[in-house]
Amino acid sequence: MRISVIGCGYLGAVHAAAMASIGHEVVGVDVDEEKVRRLSRGSAPFFEPELDSLLTAGIASGSLRFSVDPREARDATVHFISVGTPQQAGSDAADLTHLDGAVSALMAAVKDGDIVVGKSTVPVGTAERMAQRLRGTGATLVWNPEFLREGWAVKDTVDPDRLVVGVPVLGDDAAASLPGTPTPEGERAAAVLREVFAPAIATGTPFLVTDYATAELVKVAANAFLATKISFINAMAEIAESTGADVVQLADALGRDARIGHRFLGAGIGFGGGCLPKDIRAFTARAEELGRGDAVRFLREVDEINLRRRDRPVALATEALSGSVHGRRITVLGAAFKPHSDDVRDSPGLHIAARLHGLGAHVTVTDPAALENARRAHPELSYVADRDHALRGAEVVLVVTEWDDYRHALDPERAGALVSVKTVIDGRNCLDPSSWRTAGWDYYGMGRPSVRSRAAVRSRAALDDRAVSGALV
Ligand code: NAD
């Protein structure tokens, strides 16, 4: 099939390359000339395993090309839209200007019978509005939200967990129709997408046809659920910190309940990235617009818990350095918001590094993939590519991204010989505390007991006991 992909960022570049790899003829369109130049050379403008080889193969075979000109989409019959929908400046709502711009550009390129496929994450109700804008072009709009995970984007695109396709449905007034029955154009569009995604469907990927609103909501509801699960265990970490309990053991025991599961149940410094934070805020803002703010008010709490976790490593570092980080040397291991990515959008670790710098610490940041992006976002910090070099002379080491390079490949004995003080704060609970303690380190985890927190718990118990005994007397 002839496919265009409008917007070639994390989602669109991977989607374009993946579509070419399964036999389609693809043109990717982006307004960013530099991005288009790099993609045309087969080089992804961001770190994503397997993407470069997919790009190179697609370009070499002639089935994949990139352009800044939206008119290049004219030959295509299926047009994916994957432009960004960031948080609006000064508001929690999503900024839909890129989406509106992409639809305007497409209106000059689409023809009767074409299918326009929205993939961007949008507030519920957006697809209906875009469909009205496209009316008159003869093209049918469908909404096909994307669930890919950065770092696994190629695999997730070629072999997704599920495909959700929101199509136009018959109105309530249509005689004898069940609610949600696709219109004839909707049926046809769903059939075309079945063809587009035939290889995944053939290997058992469920293909779920819904109305627009349900498809839009599946995406934001999924992200709201994941964010809630992370903030739930982080709230438990806060309780653990005041009681001497160990949130890692707690999560392990909880996760063994098949109804709960272990995934997304790791306490740490919270979620970040270009999706979860802005998606839960946009969801809340949209629900409030719809007069249903009460239904998702808990997402504000989820967001607050998440942001609050960024205080913890700062407090631990301050405590470890006897009350002030000013003038002290802190090495931050990680900058990307998660491993296998160079994305630093709303990265909790980088945010913490900048806070420590703001408090006067000499902060050195290292990361296997994200240094360039981190430097652009926070030019005030010092960056060192070599991990061991970054560790030299540190008085506190802070792990903020659970790269294998830190969780498995960092030997506490060897690291201990490089730093000046053996204090490590494990913002992702990804190190083995006993091997670090055995090597002489003061180890602090998130929601995990330390010698200091145990002492605080014991003295609180003594106070409680005195209060109870006093009351009994
Ligand atoms: P991104 O910022 O990396 O990419 C967006 C791209 O769109 C940019 O390259 C930009 O130049 C381009 N663009 C903007 N306006 C354009 C226009 N009028 N015509 C052509 N190109 C235009 O964003 P992203 O991370 O790829 O996210 C895109 C959408 O996908 C968002 O709605 C996001 O929430 C959603 N999403 C992202 C992921 C992810 O992991 N990154 C996963 C699922 C869903």
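Definitions and cut-offs
Residues numbered from 1 in each chain as written. Predicted model: local features only at pLDDT ≥ 70, side-chain atom pairs only at ≥ 80, totals over all residues. Heavy atoms only, no water. Axes fitted to C-alpha atoms, helices over the stretch in contact; angles between N-to-C directions. Helix = DSSP H or I, 4+ residues; strand = E, 2+ residues; numbered from the N terminus. Parallel < 35°, antiparallel > 145°, perpendicular 65-115°, else oblique. Left-handed = near helix turned anticlockwise from the far one by under 90°. Contact = heavy atoms within 4.5 Å. Near = heavy atom within 4 Å. Polar contact = N/O pair within 3.5 Å; in protein donor to acceptor, adjacent residues only side chain to side chain. Areas by Shrake-Rupley, 256 points an atom, 1.4 Å probe, with all protein chains shown as cover. Nonpolar A, V, L, I, M, F, W, Y, C, P; charged D, E, K, R; others polar. Domains from an automatic or database assignment. Expected span 1.5 Å × (residues − 1). Buried < 20%, exposed > 50% of the residue type's maximum accessible area, 1.4 Å probe, protein only. Disulfide = S-S within 2.5 Å. Phe/Tyr/Trp six-rings, centres within 6.5 Å; stacked < 30°, edge-to-face > 60°. Lys NZ or Arg CZ within 6 Å of the ring centre and 35° of its normal. Core = buried A, V, L, I, M, F, W, Y, C linked by side-chain atoms within 4.5 Å. Buried area = accessible area lost by both parts, 1.4 Å probe. Salt bridge = Lys/Arg side-chain N within 4 Å of Asp/Glu carboxyl O.

### Regarding the packing of helix α9 (residues 212-243) against helix α12 (residues 298-308)
Thought 1: The N-to-C vectors of α9 and α12 enclose an angle of 55°; their axes lie 9 Å apart at closest approach. As summarised for this structure, α9 and α12 are arranged oblique, according to the angle between their axes. Every pair of crossing elements has a handedness; the one defined by α9 and α12 is left-handed. Residues A224, A227, T228, S231, N234, A235 and E238 of α9 form the contact with α12, whose participating residues are F298, L299, V302, I305, N306 and R308.

### A closer look at the site of the ligand
Thought 1: Among the 27 residues in the neighbourhood of the ligand, the closest are listed as L11, D30, K35, T85 and K278.
Thought 2: In the model, an oxygen atom of the ligand is placed 3.1 Å from a nitrogen or oxygen of the Y10 main chain.
Thought 3: Here an oxygen atom of the ligand and a side-chain polar atom of K35 are 2.7 Å apart.
Thought 4: Coverage of the ligand by the protein amounts to 88% of the 820 Å² it exposes when considered alone.
Thought 5: Sorting the residues of the shell around the ligand by element identifies α1 (10-21) and α4 (97-107) as the ones contributing at least two each.
Thought 6: If you tally residues by element for the shell around the ligand, the top one is α4, at 3 residues.
Thought 7: Its residues placed into classes, the shell around the ligand shows 10 nonpolar, 9 polar and 8 charged.
Thought 8: Residues from two domains meet in the shell around the ligand; each of domain 1 (2-210) and domain 2 (219-308) gives at least three.

### Quick look at helix α11 (residues 276-289)
Thought 1: The terminal C-alpha atoms of α11, which comprises 14 residues, lie 20 Å apart, in line with the 20 Å expected from a rise of 1.5 Å per residue.
Thought 2: For α11, a buried count of 11 out of 14 residues is recorded, marking the element as mostly surrounded by other parts of the structure.
Thought 3: Buried residues of α11: L276, P277, K278, D279, I280, R281, A282, F283, T284, A285 and A287, and no others.
Thought 4: Tucked inside the fold, the buried residues of α11 contact α9 and α12.
Thought 5: Positioned one or two residues after α11, G291 has a phi angle of 75°, which is positive.

### Some thoughts on the state of the cysteines
Thought 1: Applying the stated rule across the entire model yields 0 disulfides.
Thought 2: The thiol of C275 is unpaired, and the distance to the nearest cysteine sulfur, on C8, comes to 16 Å.

### Some details on the packing of aromatic side chains
Thought 1: Going through the model one piece at a time under the given rule, you end up with 4 aromatic pairs.
Thought 2: Considering the side-chain rings of Y10 and F46, the 4.3 Å spacing of their centres and the 25° angle between planes classify their relative orientation as stacked. In this pair, Y10 is assigned in helix α1 and F46 in the loop between α2 (33-40) and α3 (51-61), connecting sequence segments 36 residues apart.
Thought 3: Judged by its relative accessible area of 18%, Y10 falls in the buried class.
Thought 4: F46 sits in the buried class, given a relative accessible area of 8%.
Thought 5: Between the NZ or CZ atom of R162 and the centre of the ring of F147, over which it lies, the distance is 3.7 Å.

### Considering the packing of α9 against helix α10 (residues 247-255)
Thought 1: It is at 9 Å that the axes of α9 and α10 come closest, and there the two elements cross at 135°. For the element pair α9 / α10, the angle class is oblique. Viewed along their axes, α9 and α10 form a crossing whose handedness is right-handed. Across from F232, I233, M236, A237 and A240 in α9, the residues of α10 making contact are V247, L250, A251 and L254.
Thought 2: Counted by class, the contact of α9 with α10 contains 9 nonpolar, no polar and no charged residues.

### What to know about the nonpolar core
Thought 1: One finds I330, L356 and V365 to be the most contacted residues of the largest nonpolar core, which totals 47 residues.
Thought 2: Setting aside residues no more than four positions away along its own chain, V365 makes contact with V332, G334, A335, L350, A353, L371, L381, S382, Y383 and V384.

### Details of the domain arrangement of the chain
Thought 1: Domains assigned within the chain are domain 1 (2-210), domain 2 (219-308) and domain 3 (311-472).
Thought 2: Using only C-alpha atoms to locate each centre, domain 1 and domain 2 end up separated by 29 Å.
Thought 3: At the interface, 16 residues of domain 1 touch 12 residues of domain 2.
Thought 4: Carbon and sulfur atoms supply 57% of the area that domain 1 and domain 2 bury against each other, a total of about 1,100 Å² over both sides.
Thought 5: Contact with domain 2 buries area across many residues of domain 1, yet D92, T121 and V124 alone supply 43% of it, more than any other trio.
Thought 6: The tally of links from domain 1 across to domain 2 stands at 1 salt bridge.
Thought 7: Between R300 and D92 there is a salt bridge, with the nearest N and O atoms lying 2.7 Å from each other.
Thought 8: Seen at the junction of domain 1 and domain 2, the total is 6 residue pairs in polar contact (both at pLDDT 80 or more).

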